[in-house]
Amino acid sequence: MTTNNEAILQVNDLHITFNTFSGKVHAVRGVQFDLRKGETLAIVGESGSGKSVTNKAIVGILSKNANIERGNIIYRGADLTQYSERQFTQIRGSKISMIFQDPMSSLNPIMKVGKQIMEALRVRNISKAEARQRAIELMIAVGIPDPEKRFEQYPFQFSGGMRQRIVIAIALACDPEVLICDEPTTALDVTIQAQILDLIKQIQKERDLSVIFITHDLGVVANVADRVAVMYAGKIVEYGTVDEIFYNPKHPYTWSLLVSMPDLDTSSSDELLVIPGTPPNMLYPPKGDAFAPRNRYAMRIDYEEDPPMYRVSDTHYAATWLLHPNAPKVEIPDVLKKRIAQQTERLVR
Amino acid sequence: MLRYISQRLIAMAITLFLIISLLFFLVHSMPGSIVNDPMLPIDIKERIEAKYHLDKPLVVQYVYFLGDFLTFNFGDSIKVQPKVPVFDIIKDKLPITIQLNILALLFTLPIGVICGIMAALKKNTATDHGLNMMVVLFISVPSFVIAALLQYIVAFKWELVPILLSAEQALTWTKFKSMILPILALSFGEIAIVTRYLRAELCETLNSDYMLLARTKGLSQMQATLRHAIRNSFIPLANIFIPMIFSILSGAIVIENIFSVPGLGSLSINAINALDHPLTIAVMFFYSLIALISILVVDLSYGIIDPRIRMGGKK
Amino acid sequence: MKQPKKPFLVILAMMMVLTFTGCTSGNGNNANQESKEDKDKVVTEQKQPSDKPTVVRFSGMSAETFNQHTSESAETSILLEYINGNLLDLIYDETSDNIKFVSNHATDLPATTDNKVWTFKLKEGLKWTDGTPITARDYEYSYQMLLDPKLTNRNAFVLFDNIPIVSANKYFKGEAKWEEVGIKAKDDLTLEIALETEMPEIDVYSVFAQGGSTSPIHKQLYEAGMKPDHSETTYGTTLEQVPSSGTYRLSEWVRDQYRVFEKNQDTPMSAVYTPDRIESRVVSESSTRMQLWEKGEIENVSISGEQFDKYGEDPRVVYTEAESVWGFYVNTESKKNPILGNNDLRKALYYGIDRDKITKGIFKTFKSAPYYISTICMVGDYSDGQRYRETEAAKANIPPGTGYEPEKAKEYFEKAYQANGNKKITIELTYFDSQETMKRTAEVAEELYENLFGKDKLDIKLRAMPPSAAYDAYRDGNFELGIGAITQNAFNPWSSMKAWRTDFPNRSHRFSSAEFDELQKRTTTGDLLLKPEERLDALVKMEKMLLDYVPQIPLFQNNNAVLFQDRMDLKGKGKYFPVIKFAPLQVNILE
């Protein structure tokens, strides 16, 4: 994977809240990351950790009750948080595109798929004939057999995987630079998942796309990502290259995530570790480290003050007091150690 | 498809027959006589009842009735418009009823649709709350109250339009002016229904994933709404649109009375009150037919407007 | 998505086109002609402003037919008077300030020597509006059709019930040949009517006066409308099938909406009836009528309820006199509630109700009636204008005022209460559910009776029923107390008394008196027919019998208040007469 250091998208100290009947929900609380040209950044986290919200903010499709309280999103020097709807319309699809979790519902059920692909081109004043030509090329590119015939069909005539291919084709229709994949494989069968992941990887390579890959599935992350950001309760708690996160995780939350992930070696007799407790209610964001109540290594300071980002390496940062010079040395849990060892072994072989 | 339609038509014919038979026994079991003046000599009453076989047992009357019914002879009205064939009465009253109701529909649909879209797009804003209040008002206040108020204020106090429907037969400007109030009175409730229904449907579609995808591929909110959301929310709306189109044939009793519209509305009541059984049965037959056809058309139209159902049928 | 869209739109468009063409074709052409005629009229009007046609505009109900043989509603009978001539006519006479029978198609009032055979002489040159002549033979044909056994016309009864024409009833029932019937055209201008019994002239006159069921029918049109089996005719059901033999002709007719009558010049009565054009709109809502009247768009309006509160004091208000007296029928033979057979109880109910609470309190315009015979009924020679209720004998029959005597009522009630074994009396009262005022009448009656006699002693229960079902229940005896009325013949109150006879087929009461029946027979077909004095005595006696027995608790006469426009200068000055009412067509129109 070719990675250069040119960051095309930067998210700085982004705070997003939602107005609801019960009060303000603090969904995103100071998210910060950058996306470089041609890389795949995976954002991992539980449901409700703010990963989808962050990305919706990038594409400008936050729901109406959302407020961007603070921070900015810099895309090629422009701050997207200041963009008007009209300006967003200019970059959506053509510069930044997004695909969604459920291919079953992300296509208009009563419009022929060909037309749905063409639509993305037609709004940019491309002639009908050309749009059709390009749509068929796109369908070929995403691996739809018999595209001429499929062009005239409706979404319900497609299988889940095929639909997701169509969605990808739509997202790619206008050659975007950045593709945001919001859990694109969650709703699919495992075998189909692999195919779609391969397709995304292949397309990324071919088109030199920058991809933000939102998922809660660490297996997927290992498969596609160059870098990983782990999100918890509206914050990024750790980020680094895929190797750093998998082989040298620093944050206790990352540990828990890794431990709770089954792999090929997990036999049915092995107990899968679960993270105790539930994520915090974001109506009342906790003081200090949000993960503290579920963290068995939590210290008193975790309940009092938010940990800063500690630098582990140039590419690896983690927000946990455990990295504070004065903190007691806490070892990676044994289960995880064993796993990492197994992984490394397998890699070596 | 043809097989489906023919099956449905046969079922419809059976339903109609049952409705009409049931109705026959129902209307004939109503108390009273068609000769209801107590001062009339008994000879007159007996002779008239004998003429229409009303003196015979109900089963015998039913046999007579079936004989006529199966040859599509619905007979003449006995009391409401004596000696006039029943379907001529309906035919005579249809034009004005249709004129009024089509104009009401032409007024209702666009306004209802626009209000519904506006309420959905501006959900939970002042516009939405305002429209919601209108909906509640128009649904809860009966149309005849609105009609009487309109007549009193607009026609009587302000003198903007005539109090009664113009007697002209052709649709001229003066006639149209006199039709404005009945049209409004007929429309308000329907507008409210369309608005409420469309708002609910549209709110749901606006939140759907394909709306997000549509926007991420570069459509503006307006384009996405027009091309994707409205089309999709119209499908369930067929459920109320098509019956509305057919209900233009039925008319509204009280509004017709208030504006003196010689429409179909009061015909059924008059026929029932006068014990004019042939007319009652004919009117009910007509309404049942309309209802059954509109149900059939609704079902078939789903196939036309929703590809999922159309294609599903082919598999 | 295009293909499926199209057929739907095409169907929709086709429907719209069809319906619109449906709306305009048919009636459209007609209306165009009409409006063209109207334009011509406007032009002529402008040329001669001096004799501008006078137009009167009325509001009314639907006309079910213009066939006078089958017509039924009050509205239709008014409209039929416009277009139909008859042998005689009944008009308001200014000199006597009374009604007057005059000849119309006949040259004079009919001649008789024995009060059995009546001979009408017809004018020469009588014509339908289309030019077809009208002769005595047309009259004979008309009456033959009216009595036709196959057609079984509803209004046939006028020829055997109002006056007993020889064999008319038999012919109607198919038991006699036409030759046997006492209706003969002796020649083109002579019509002879033979009766089975003698009749006073007013009964004969009133049968042949005013356009209505005894008016001639247009033979060709009547025959043309016949069904092959001669059981029905469509005569009078469309504008083309409505000819005119009277002062006005029907020139426009939109069923249930609008009808216009234009005056025929040079008809026998055209000098009497003044308007040149009558426009009649169907308006069923009383509030709409009131608005039209206030805007000056109709000539008269009936006022009731709130409207009466507004206009009741207006000096222009005139009152009608109803032809019926309403009251609570009593089922004196009730098996479920035998106490109703107790005369004291009925007397108590008669004296114990303050009728004004209902007539003035609820209906506003009605007249409290502690009697059975309406104020409109006339006795003696009609030209004297003697009203039965104004005779001394009739006045002596009833208690003074409105008949409300609470002390007397309580006395009667106590007797009845004792007769009931000092047990609480419970009575069920049936009222008509069709009107709110009827419900309130029942509620007020309940309250008045219970308060007067004590809630511990009397309990009135209310039961709502549609009128026709209620009358059926009365007839079958399935009731205790029930509201109702009988229409009376203003010119022949004796004949209306048949409703109280034991053998009356639709009797709502349970009064049976052989003496009453005998007396009623004598006054209508027997020896008292032509003896005015004795006949009046008999009527007083009959009413007395009713007042003694109380088969019905009489309550009110449903008189209405009417407002006319100032431009309507009625010749009768708002006086109300039987049949001709306010004589609204005998009017000076002030512009």
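Counting from 1, residues in each chain are numbered in the order their sequence is written. Both sets of labels track the order of writing: A upward for chains, 1 upward for ligands. At least 70 in pLDDT is required for a residue's local features to be given in this predicted model, at least 80 for side-chain atom pairs to be given and counted, and no such filter applies to totals for whole chains, interfaces and linings, which use all residues. Note that the side-chain values use all heavy atoms of the structure and ignore hydrogens as well as water.

For chain C, an unreviewed UniProt entry supplies the name ABC transporter substrate-binding protein and the organism Paenibacillus profundus. UniProt positions are given in the numbering used here, feature names are shortened, and annotations may be inferred rather than shown by experiment. Quoted verbatim from the Subcellular location (unreviewed entry) heading of the UniProt record, the comment on chain C is "Cell membrane". Heading Sequence similarities (unreviewed entry) of the UniProt record for chain C holds this comment: "Belongs to the bacterial solute-binding protein 5 family."

In the annotation of an unreviewed UniProt entry, chain A is listed under the name ABC transporter ATP-binding protein and assigned to Paenibacillus profundus. The record in UniProt for chain A states the following under Subcellular location (unreviewed entry): "Cell membrane". Per its UniProt entry, chain A bears the Sequence similarities (unreviewed entry) comment "Belongs to the ABC transporter superfamily."

Enquirer: Even after reading the chapter, I still don't get the overall build of chain A, so can you show me in this structure?
Expert: Only DSSP runs of H or I covering at least 4 residues are called helices, and only runs of E covering at least 2 are called strands; the numbering of each starts at the N terminus. Across its full length, chain A carries 12 helices and 12 strands. With the C-alpha coordinates aligned to their principal axes, the bounding extent of chain A is approximately 65 × 50 × 40 Å. Evaluated residue by residue, chain A yields a buried proportion of 54% over its 349 residues. By the convention used here, residues are in contact when the closest approach between their heavy atoms is within 4.5 Å. Taking all contacts inside chain A whose residues are at least 6 apart in sequence as the whole, residues at least 24 apart take part in 66%. Per-residue accessibility takes into account occlusion by the displayed protein chains alone, with areas from the Shrake-Rupley method and a 1.4 Å probe. Carbon and sulfur atoms provide 51% of the accessible area of chain A, an area that totals close to 15,600 Å². A 1.4 Å probe rolled over the protein chains alone gives each residue an accessible area, and that area as a share of the maximum for its type sets the label: buried under 20%, exposed over 50%, partly exposed in between.

Enquirer: Looking at this structure, I do not really get the UniProt feature "domain: Solute-binding protein family" (unreviewed entry) in chain C. What am I missing?
Expert: Per the UniProt record, "domain: Solute-binding protein family" (unreviewed entry) is found at residues 103-504 of chain C. End C-alpha to end C-alpha, residues 103-504 of chain C measures 35 Å, and it is 29% helix and 19% strand.

Enquirer: Sorry, what's going on with the interface of chain B and chain C here?
Expert: A common way to state how big an interface is: give the accessible area lost once the parts meet. Tallying the contact residues gives 53 residues for chain B and 63 residues for chain C. Using a 1.4 Å probe, buried area is obtained as the accessible area two parts lose upon being combined, added over both of them. Interface area, chain B with chain C, both sides summed: about 5,300 Å², of which 63% is carbon and sulfur. Salt bridges are identified by distance alone: a Lys or Arg side-chain nitrogen within 4 Å of an Asp or Glu carboxyl oxygen. The interface formed by chain B and chain C contains 8 salt bridges. Glu232(C) is the salt-bridge partner of Lys83(B), the closest N and O atoms lying 2.7 Å from each other. Each polar contact in these results corresponds to two N or O atoms within 3.5 Å; when the atoms are within protein, one needs to be able to donate a hydrogen and the other to accept it, and residues that are neighboring in sequence are counted only if both atoms are side-chain atoms. Along the contact surface separating chain B from chain C lie 21 residue pairs in polar contact (both at pLDDT 80 or more). Mapped onto the side of chain B that touches chain C, the elements with two or more residues apiece are α2 (42-51), α4 (86-121), α6 (143-157), α9 (221-247), α10 (253-258) and α12 (277-305) of chain B. The element best represented in the side of chain B that touches chain C is α2(B), accounting for 7 residues. Here the residues of the side of chain B that touches chain C are counted per class, giving 32 nonpolar, 9 polar and 12 charged. Any residue outside Ala, Val, Leu, Ile, Met, Phe, Trp, Tyr, Cys, Pro, Asp, Glu, Lys and Arg is labelled polar, Gly included; the first ten of those are nonpolar and the last four are charged.

Enquirer: Got a minute to help me understand the sheet that holds strand β5 (residues 78-79) of chain A in this structure?
Expert: Two strands in a sheet stick together by hydrogen bonds in their backbones, pointing the same way (parallel) or opposite ways (antiparallel). Residue and element names in this part refer to chain A. Strands sit in the order β2-β1-β4-β5 across an open sheet of 4 strands; the sheet is antiparallel. With one partner strand each, in any of the chains shown, β2 (23-36) and β5 form the two edges of the open sheet. An axis is simply a line fitted to the C-alpha atoms; with a helix, the fit covers only the stretch in contact. Between two such axes, the angle follows the N-to-C directions and lies from 0 to 180 degrees. Contacts from helix α1 (residues 51-59) reach β1 (7-20), β2 and β4 (66-75) within the one sheet, and its direction differs from that of β1 by about 110°. One requirement defines pairing of two strands: DSSP has to find at least two bridges between them.

Enquirer: Help me understand the environment of Gln193(A), please; the structure alone is not making it clear to me.
Expert: By the element assignment, Gln193(A) lies in helix α7 (residues 190-207). In sequence terms Gln193(A) and Tyr154(A) are 39 residues apart; their C-alpha atoms lie 22 Å from each other.

Enquirer: Is there a simple way to explain the pairing of strand β19 (residues 561-564) of chain C in this structure?
Expert: Two faces make up the sheet, and in a regular strand the side chains alternate between them. Residues and elements named next belong to chain C. Side chains Ala561 and Leu563 project from β19 onto one buried face, and the interleaved Val562 and Phe564 project onto a second face that is buried too. Of the strand pairs in this sheet, strand β11 (residues 300-303) and β19 are connected by 4 bridges, and their pairing is antiparallel. When the bridges of β19 are listed, Ser302 appears paired with Val562. Relative to β19, strand β12 (residues 318-319) runs antiparallel, the two being bridged by 2 bridges. Its bridge partner lying in β19, Tyr319 is registered against Ala561.

Enquirer: Quick question: what am I supposed to make of the domain arrangement of chain A here?
Expert: Residues and elements named next belong to chain A. Each domain's limits were defined by an automated method or a database of domain assignments. For chain A, the domain assignment lists domain 1 (7-232) and domain 2 (242-348). Taking only C-alpha atoms, the centre of domain 1 and the centre of domain 2 are 28 Å apart. With 21 residues of domain 1 in contact, the opposing surface of domain 2 contributes 18 residues. Approximately 1,700 Å² of surface area, both sides summed, lies buried where domain 1 meets domain 2, with 68% of it carried by carbon and sulfur atoms. Ranking the residues of domain 1 by area buried against domain 2 places Arg29, Leu218 and Tyr232 at the top, with a combined share of 39%. The interface formed by domain 1 and domain 2 includes 1 salt bridge. With a closest N to O distance of 3.2 Å, Glu46 and Arg294 form a salt bridge. Connecting domain 1 to domain 2 are 5 residue pairs in polar contact (both at pLDDT 80 or more). For the side of domain 1 that touches domain 2, the secondary-structure elements that each account for two or more residues are β2, β3 (40-45), α8 (218-224) and β9 (227-232).

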